[in-house]
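Residue-level listing of the chains:
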Amino acid sequence: MASVSLRPTNWIREDVIFFSQHGPFPAYLKRFHLSDCDFCSCGGIGTALHYATECIYTVSWHMRKPAPNFEKEWLKRVANYLVSRQKVRGIIKFISENRDIFRPP
């Protein structure tokens, strides 16, 4: 989220978690010293982008991974496209319901 706005949005909890990247992501938890490790149990760095594009546990919701210099534009497109936002919601719900799967061994 680039800026704060007083204009209402139709975002639900899962949208906010994904796009703010504040939630059950190992990278976020490590950044705030709530975890010792920022790795997903699949071996990748546990960021929102990782779960949306490459984690073996969220294959059902995968989207094409953007080039590193286009991540910001990719997030804007995902945010504006309802089908992509539904995938994001599925990912966040799955992670929230299965937290033990995503913790590194």
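The structure this text deals with has already been given above.
Residues numbered from 1 in each chain as written. Predicted model: local features only at pLDDT ≥ 70, side-chain atom pairs only at ≥ 80, totals over all residues. Heavy atoms only, no water.

Which parts of the structure should I look at to understand the nonpolar core?
Most often, soluble globular proteins keep nonpolar side chains buried together rather than apart. In this structure, Phe18, Phe25, Tyr51 and Trp74 are the most contacted members of the largest nonpolar core, which totals 20 residues. When residues of this core are traced back to their parent elements, those giving at least two are α1 (13-20), α3 (48-53), α4 (71-80) and α5 (82-97). Setting aside its immediate chain neighbours within four residues, Phe18 contacts Phe25, Ala48, Ala52, Trp74, Leu75, Val88 and Ile92. (Core = buried A, V, L, I, M, F, W, Y, C linked by side-chain atoms within 4.5 Å. Buried < 20%, exposed > 50% of the residue type's maximum accessible area, 1.4 Å probe, protein only. Helix = DSSP H or I, 4+ residues; strand = E, 2+ residues; numbered from the N terminus. Contact = heavy atoms within 4.5 Å.)

Can you help me understand α1 in this one?
Think of an α-helix as 3.6 residues a turn; residues three or four steps apart then line up on the same face. The set of residues buried in α1 consists of Glu14, Asp15, Ile17, Phe18 and Phe19. Buried residues in α1 make contact with α3, α4 and α5. Trailing α1 by a residue or two, Gln21 shows a phi angle of about 60 degrees, which is positive.

How do you make sense of the packing of aromatic side chains when you look at a structure like this?
The geometry of an aromatic ring pair is captured by two quantities: the separation of the ring centres and the angle between the planes. Taken as a whole, this structure holds five aromatic pairs when the rule is applied. With a centroid separation of 5.0 Å and an interplanar angle of 35 degrees, the aromatic rings of Trp11 and Phe19 are classed as tilted. Taking the relative accessible area as the measure of exposure, Trp11 reaches 26% and is therefore partly exposed. On the basis of relative accessible area, Phe19 is assigned to the buried category, the value being 8%. Through pairs of rings, three or more aromatic residues link up here, namely Trp11, Phe18 and Phe19. (Phe/Tyr/Trp six-rings, centres within 6.5 Å; stacked < 30°, edge-to-face > 60°.)

Quick question: what am I supposed to make of the pattern of salt bridges here?
Side-chain pairs of opposite charge can arise whenever the charged atoms involved come near each other. Across all of its chains, the model carries three salt bridges by this definition. The salt bridge partner of Arg85 is Asp15, with a shortest N-O separation of 3.5 Å. Placement of the pair is Arg85 in helix α5 and Asp15 in helix α1, with a sequence separation of 70 residues. When the shortest N-O distance is used, the salt bridge between Glu54 and Lys65 registers 3.2 Å. (Salt bridge = Lys/Arg side-chain N within 4 Å of Asp/Glu carboxyl O.)

Mind showing me how you'd approach a nonpolar patch on the surface here?
On the surface, a nonpolar cluster with roughly 350 Å² of combined accessible area is contributed by Ile56, Tyr57, Val59 and Ile101. Examined against the element boundaries, Ile56 turns out to sit in the loop between α3 and α4. On the basis of relative accessible area, Ile56 is assigned to the exposed category, the value being 56%. (Patch = residues over 30% accessible without salt bridge, like charges linked within 9 Å, V, L, I, M, F, W, Y side chains within 5 Å. Areas by Shrake-Rupley, 256 points an atom, 1.4 Å probe, with all protein chains shown as cover.)

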